[in-house]
Amino acid sequence: MTGTAKGMIGFDWAYCRALAVGVQDGIADEDVERWLPEARKVHERILKERESGLLAFWDIIEDEKVEERVLEIAEHFKGRLVDNIVVLGIGGSALGAQALFDALVSPFYNLTTRPRFFVLDNIDPLTFSQFLDMVDLGRTVFVVISKSGTTAETLSQFLIVKERVVSLLGREALKKHFVVVTDPDKGVLRSWVRESGVLSCDIPPGLGGRFSVLSAVGLVPAALLGLDIRELREGARAMAALCETASVIENPAYCNGLYHVIADLDKGKNIHVYWAYSDSLYSFADWLRQLIAESLGKKVGEKLYGPTPVKARGVTDQHSQLQLYREGPNNKIITFIGVKSWPADVDIPPAEEESLADAGYLGGKKMGELFHAEQRATAWALAEAGRPNITLWFPQVTPYTIGQAFFLYELQTVFMGYLYGVNPFDQPGVELSKKMTYGLMGRKGFEEFVRYL
Ligand SMILES: O=P(O)(O)OC[C@H]1O[C@H](O)[C@H](O)[C@@H](O)[C@@H]1O
């Protein structure tokens with residue numbers, strides 16, 4: 001089936017353009033014109049970096065060896081009595097797997113299916129101890145994911161469960177219950193893989209955590225769950241093909257990125273809301289929050305950059321956030337993440353009782369109709385109040401379309417970073433609190449960091 005037949009995601013930018021409905025300070029042609037020379041330079045830079053293999057997030061979707069290795073590992077666990085697949089990881093080593101799972105699997109999956117899937121991306125002692133009390137370690141596979149292989153949170157989780165597996169099942173059981181996804185050479189986890197012989201997958205050194213969902217970081221959990229990782233990456237490649245064009249206006253990643261930079265720097269809209277009108281895409285908004293915050297939240301000299309990414313859920317947050325978005329400070333650009341059709345829908349029966357006459361307008365309709373009507377009305381109502389908004393439409397949520405969305409926003413974020421003039425691939429701001437934590441935890445060589453406290 002062709003790409004188009006499988007369905008391509010796409011933007012509706014009508015309500016972010018100037019003078020659409022009531023959008024006074026939307027994006028005007030002259031705004032775009034002003035930025036085009038800079039945007040074209042950024043395209044040239046991206047082209048050069050691609051040619052010199054500096055864009056690992058783009059190269060990874062074309063690297064077939066990754067899929068082969070991941071499917072090999074999934075094959076190893078096939079047919080085994082596995083009740084639980086548990087990801088131990090945090091940030092870029094967890095958010096992608098969670099977004100993939102929630103996008104492609106029912107929210108009630110764990111109640112009805114085996115193996116169940118859990119992403120433990122926090123070290124709340126109560127949650128973690130309750131999880132360990134609940135889980136049958138003998139029927140659990142832990143996927144330990146850490147690009148650096150040194151992240152304290154993930155190592156603490158790993159040390160706890162490893163010790164319990166060894167004391168319950170013996171050291172030889174480690175290979176049956178652990179898979180590690182980490183740096184090919186460096187880090188504590190890589191040394192342990194060498195020593196223990198457990199199965200592992202590499203995270204290419206040049207691939208940042210928040211850009212790694214289409215690598216083994218997202219693929220190992222997805223393949224263990226039997227999700228179609230080939231379709232996922234084919235979707236990413238289909239979007240990459242669309243984003244090859246130098247035309248900033250025709251390139252979905254560039255055009256949407258440009259609108260967001262203009263909204264932030266020229267229109268004072270530095271809060272970027274991602275309003276998922278789909279329960280299955282709500283975690284995708286979480287994944288986006290890390291990608292945008294860590295890539296664009298940067299200090300260059302005395303200048304501070306970076307929109308604040310905010311997530312919302314539709315239609316639920318119409319009843320909690322809309323008031324602010326429509327009548328509060330006009331400092332936001334809002335992206336609705338919508339789904340054209342669902343694999344299932346529900347009929348709303350007619351209201352027979354006289355007492356329910358006022359609910360009559362709902363009868364004979366489908367819940368999806370009401371959902372779409374509310375999304376459409378909310379987008380219009382925001383535009384009418386001068387609030388620029390965009391809709392990203394998924395024809396359906398499938399491995400193919402979610403793969404597209406991951407790649408689209410990874411490239412858009414790099415494009416925006418270069419337009420802002422920041423490095424979208426590092427995150428220096430997260431290091432100090434880590435060093436102070438090491439100091440507080442008595443780690444050798446970090447004593448100096450606790451003097452601040
Ligand atoms: O994958 P890891 O090396 O364990 O890092 C996990 C996360 O922690 C870091 O502190 C960074 O903030 C994130 O960019 C990263 O994704």
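Residues numbered from 1 in each chain as written. Predicted model: local features only at pLDDT ≥ 70, side-chain atom pairs only at ≥ 80, totals over all residues. Heavy atoms only, no water.

**Re the overall build of the protein**
Inference 1: Scanning the protein for helices and strands turns up 18 helices and twelve strands.
Inference 2: Along the first, second and third principal axes, the C-alpha atoms of the protein reach 65 × 65 × 50 Å.
Inference 3: With 453 residues in all, the protein has 51% of them scored as buried.
Inference 4: Across the protein, the fraction of contacts at a sequence separation of at least 24, relative to all contacts at a separation of at least 6, is 75%.
Inference 5: Each charge class in the protein can be summarised by its mean position, and for the 48 positive and 58 negative side chains these summaries are 6 Å apart. (Helix = DSSP H or I, 4+ residues; strand = E, 2+ residues; numbered from the N terminus. Buried < 20%, exposed > 50% of the residue type's maximum accessible area, 1.4 Å probe, protein only. Contact = heavy atoms within 4.5 Å. Lys, Arg positive; Asp, Glu negative; His and termini not counted. Charge placed at Lys NZ, Arg CZ, Asp CG, Glu CD.)

**Points about the packing of aromatic side chains**
Inference 1: Summed over all chains, the structure comprises 30 aromatic pairs.
Inference 2: When the ring of Phe-142 is compared with that of Phe-178, the centres are 5.6 Å apart and the planes differ by 25°; the resulting orientation is stacked. Placement of Phe-142 in strand E4 (residues 140–146) and of Phe-178 in strand E5 (residues 178–182) is noted, with a sequence separation of 36 residues between them. Accessibility classification places Phe-142 together with Phe-178 in one group, the buried group. (Phe/Tyr/Trp six-rings, centres within 6.5 Å; stacked < 30°, edge-to-face > 60°.)

**A short note on the UniProt feature "active site" (unreviewed entry) in the protein**
Inference 1: What UniProt calls "active site" (unreviewed entry) maps, in this numbering, to Glu-294, His-319 and Lys-434. Maximum C-alpha separation among the annotated residues is 37.9 Å over a sequence range of 141 residues, too wide for a single clustered spot.
Inference 2: In this structure, His-319 sits in the loop between strand E10 (308–313) and helix H15 (322–327).
Inference 3: When its relative accessible area of 64% is taken as the criterion, His-319 is described as exposed.
Inference 4: In this fold, Lys-434 is placed in helix H18 (residues 431–440).
Inference 5: Looking at Lys-434, the relative accessible area reads 32%, which means it is partly exposed. (UniProt positions renumbered as here; feature names shortened; annotations may be inferred.)

**Some points on the sheet that holds strand E7 (residues 271–277)**
Inference 1: Strand order across the open sheet formed by five strands is E1-E12-E11-E7-E10, with mixed pairing between neighbours. Edge positions in the sheet fall to strand E1 (10–12) and E10, since each has one partner strand and no second. In this sheet, adjacent strand axes meet at a mean angle of 25° when their direction is disregarded.
Inference 2: Across six bridges, strand E11 (residues 332–339) lies against strand E12 (residues 389–394) in parallel orientation. (Pairing = 2+ DSSP bridges. Axes fitted to C-alpha atoms, helices over the stretch in contact; angles between N-to-C directions.)

**What about the site of the ligand?**
Inference 1: Around the ligand lies a shell of 14 residues, among which Ser-93, Ser-146, Ser-148, Thr-151 and Glu-294 are the nearest.
Inference 2: Separating an oxygen atom of the ligand from a side-chain N or O atom of Gln-290 is a distance of 3.3 Å.
Inference 3: Burial of the ligand by the protein chains amounts to 89% of its free accessible area of 390 Å².
Inference 4: Its residues assigned to classes, the shell around the ligand comprises two nonpolar, eight polar and four charged.
Inference 5: In terms of domain composition, the shell around the ligand takes at least three residues from each of domain 1 (10–48 + 233–427) and domain 2 (57–227). (Near = heavy atom within 4 Å. Polar contact = N/O pair within 3.5 Å; in protein donor to acceptor, adjacent residues only side chain to side chain. Areas by Shrake-Rupley, 256 points an atom, 1.4 Å probe, with all protein chains shown as cover. Nonpolar A, V, L, I, M, F, W, Y, C, P; charged D, E, K, R; others polar. Domains from an automatic or database assignment.)

**Considerations on the nonpolar core**
Inference 1: Counting residues in each nonpolar core, the largest one holds 102 residues, and the members touching the most others are Phe-284, Trp-287, Phe-406, Phe-407 and Tyr-409.
Inference 2: Ranked by residues supplied to this core, first place goes to helix H17 (residues 399–420) with 13 residues.
Inference 3: Formed jointly, this core draws a minimum of three residues from each of two domains, domain 1 (10–48 + 233–427) and domain 2 (57–227).
Inference 4: Those residues within four positions of Trp-287 in sequence are excluded, and the remaining contacts are Leu-95, Gly-96, Ala-99, Arg-210, Val-213, Phe-406, Tyr-409 and Glu-410.
Inference 5: In terms of nonpolar packing, the next biggest core, distinct from the first, is built from 23 residues, Phe-131, Val-135, Phe-142 and Phe-178 among them. (Core = buried A, V, L, I, M, F, W, Y, C linked by side-chain atoms within 4.5 Å.)

**Points about the pattern of salt bridges**
Inference 1: Using the criterion set out here, one finds 27 salt bridges in the structure.
Inference 2: Among the ionic pairs, Asp-29 bridges to Arg-17, the shortest N-O distance being 2.2 Å. Within this pair, whereas Asp-29 is found in helix H2 (residues 29–51), its partner Arg-17 is found in the loop between E1 and H2, the two being separated by twelve residues in sequence.
Inference 3: The partner of Asp-202 in a salt bridge is Arg-190, and the shortest N-O contact between them spans 3.0 Å. With Asp-202 in strand E6 (residues 199–202) and Arg-190 in helix H10 (residues 188–196), the pair connects residues that are twelve residues apart, well separated along the chain.
Inference 4: When its relative accessible area of 44% is taken as the criterion, Asp-202 is described as partly exposed.
Inference 5: Arg-190 gets classed as buried once you look at its relative accessible area, which sits at 6%.
Inference 6: Each of Asp-31, Arg-34, Asp-266 and Lys-267 takes part in salt bridges that share partners, so that together they form one network. (Salt bridge = Lys/Arg side-chain N within 4 Å of Asp/Glu carboxyl O.)

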